[in-house]
Amino acid sequence: METERTPKIVGVIWGLLVLNTLGSAGAVTIVPLPRSLIQMVTMGSLVAAFTLALVINARLRVRPNAYVFLLTLLLVSSVISSAHLESGFGALFRCFRLTLFVGTLWLLSRWWDGSLTFVRHHIRMYFAVLGSVALGLAISPGTALPDLYGGRLVGALWPLTPPQIGQYAAVIIGLTALLLLGRRIDRTSAAVVIVPSLVLLALTHTRTATLGLLLGLVLAIGSLLMTSSAARRFFTWSVAIAAVAGVGFAGALQAWFLRGQSKDNFSSLTGRAKVWDALLAAPRTTGEKWFGVGLGDKSFGGLPIDNSWLAVYNEQGLIGVSLVAAFIVVLGGVALLRPPSLQRACAIFLISYCAIASYTEAGLGDASPYLLHLALAVSLLAAPAEAPAPGTPAVPRARVPRWAQRSEVR
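Residues numbered from 1 in each chain as written. Predicted model: local features only at pLDDT ≥ 70, side-chain atom pairs only at ≥ 80, totals over all residues. Heavy atoms only, no water.

Draft legend 1. Focus on the pattern of salt bridges. Counted according to the given criterion, the structure contains 3 salt bridges. Residues Arg272 and Asp306 are paired through a salt bridge, measuring 3.5 Å at the closest nitrogen-oxygen approach. With Arg272 in helix α13 (residues 272–281) and Asp306 in the loop between β2 (303–304) and α15 (308–337), this residue pair connects regions lying 34 residues apart in the sequence. For Arg272, a relative accessible area of 16% puts it in the buried group. Of the charged contacts, one joins Glu315 and Lys298 as a salt bridge, the two residues approaching to 3.2 Å between their closest N and O atoms. With Glu315 in helix α15 and Lys298 in the loop between α14 (286–291) and β1 (299–300), this pair connects stretches of sequence that are 17 residues apart. By the burial criterion, Glu315 is buried, and Lys298 matches it. Residues joined by salt bridges that share partners form a network here, namely Lys298, Glu315 and Asp366. (Salt bridge = Lys/Arg side-chain N within 4 Å of Asp/Glu carboxyl O. Helix = DSSP H or I, 4+ residues; strand = E, 2+ residues; numbered from the N terminus. Buried < 20%, exposed > 50% of the residue type's maximum accessible area, 1.4 Å probe, protein only.)

Draft legend 2. Structural detail: the packing of helix α2 (residues 35–56) against helix α4 (residues 90–108). One can describe the packing of α2 onto α4 by two numbers: an axis separation of 9 Å at closest approach and a directional angle of 35 degrees. Read as a crossing pair, α2 and α4 show a hand that is left-handed. Facing Met43, Leu46, Val47, Ala49, Phe50, Ala53 and Leu54 of α2, the residues of α4 in contact are Phe93, Phe96, Arg97, Leu100, Phe101, Gly103, Thr104 and Leu107. Here the contact of α2 with α4 is composed, by residue class, of 12 nonpolar, 2 polar and 1 charged. (Axes fitted to C-alpha atoms, helices over the stretch in contact; angles between N-to-C directions. Left-handed = near helix turned anticlockwise from the far one by under 90°. Contact = heavy atoms within 4.5 Å. Nonpolar A, V, L, I, M, F, W, Y, C, P; charged D, E, K, R; others polar.)

Draft legend 3. Spatial organisation of the packing of α15 against helix α16 (residues 342–357). Packing of α15 against α16 leaves a shortest axis separation of 10 Å and a crossing angle of 155 degrees. As judged from the angle between their axes, α15 and α16 are roughly antiparallel. Our pair here, α15 against α16, has a crossing hand that is left-handed. On the side of α15, the interface is formed by Leu331, Gly332, Ala335 and Leu336, while α16 contributes Arg344, Ile348 and Ile351. Classifying every residue of the contact of α15 with α16 gives 5 nonpolar, 1 polar and 1 charged. (Parallel < 35°, antiparallel > 145°, perpendicular 65-115°, else oblique.)

Draft legend 4. Local environment of helix α9 (residues 207–222). Here α9 is 16 residues long and its end C-alpha atoms lie 22 Å apart, about the 22 Å a rise of 1.5 Å per residue gives. Among the residues making up α9, those that are buried are Arg207, Thr208, Ala209, Thr210, Gly212, Leu213, Gly216, Leu217, Ala220 and Ile221. (Expected span 1.5 Å × (residues − 1).)

Here's what the structure looks like:
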């Protein structure tokens, strides 16, 4: 089978998926945006992404992969749990959204060939999102650094919360650093992406994104140590710089990490542990334990759950938790079995980041940036289509008799 060139419109479709997962709730913006308008834009982008993917893949050619198959099973489980309407009609709307999201991934899987094409789309789109954050900061610093969020950076043009901005910055910093190590990008281009993204990440004071970035890069670069001298040099210098920074700036790093919180508040993960304990202690029927209460807004008792596993347990039950665990384990296992390469390192970074962030962020059970990050990892781990060997004769086309051709014309 000949290798197929990825159409340019695929980048547009990927960008529309990114736009859909930006969400509709967040900080106060410079120009107030009605939530209905934001939802119209995000949902419209998903419908447009699915339509365009269907147009360029009208023959419905897909590449079999366990990740999207398990997402499809999770979708079926979500529909079953949401059909009881315990979470209201909004649960069915969220199921429809997840259906379009998973369907678009199936249609795009045709072009998942282990190349870095989708990595570049991912970096460009999220860098554009961060550009809007930086522009909002320049226009109205007071709106972008509100007291409501403790002076942490938010989206002043589009309602983005500090954890969202931190996540986007961390992911593109990690991917760009790996591309630089693999010599797939020059130093100037890498600096243009990494330096401003690091500044924005620091302004968000997002601990989860920072830890995910550092640990994800350690694992990703560690997978290249045996085959890349550049990775070994980078790892050595990083360890040395980290040791010096840890000694010389210990006080400043601790102050940044604590964000002015008390030890009790920090130990309870900014109040998250109280919500988690209440969720686990709440009585549930057998059906709710296995299938959940249906897709919702990832909250319990009016407070955000901020844990992917507990959010999935609440909305999709033990079956949903099992399916999410399955695709994380499958992706991790496939990545470990692949030979060392830049693509494998990028996939390991993405999988590691999502696994680390799942402890304090929700999103693995519904259409979200985390599922998009994992889909990118799948595209990197996919085996490339094999080109025919040199000298292999082409398969002859069947000859159609002239009388048959004339009958078809008639």
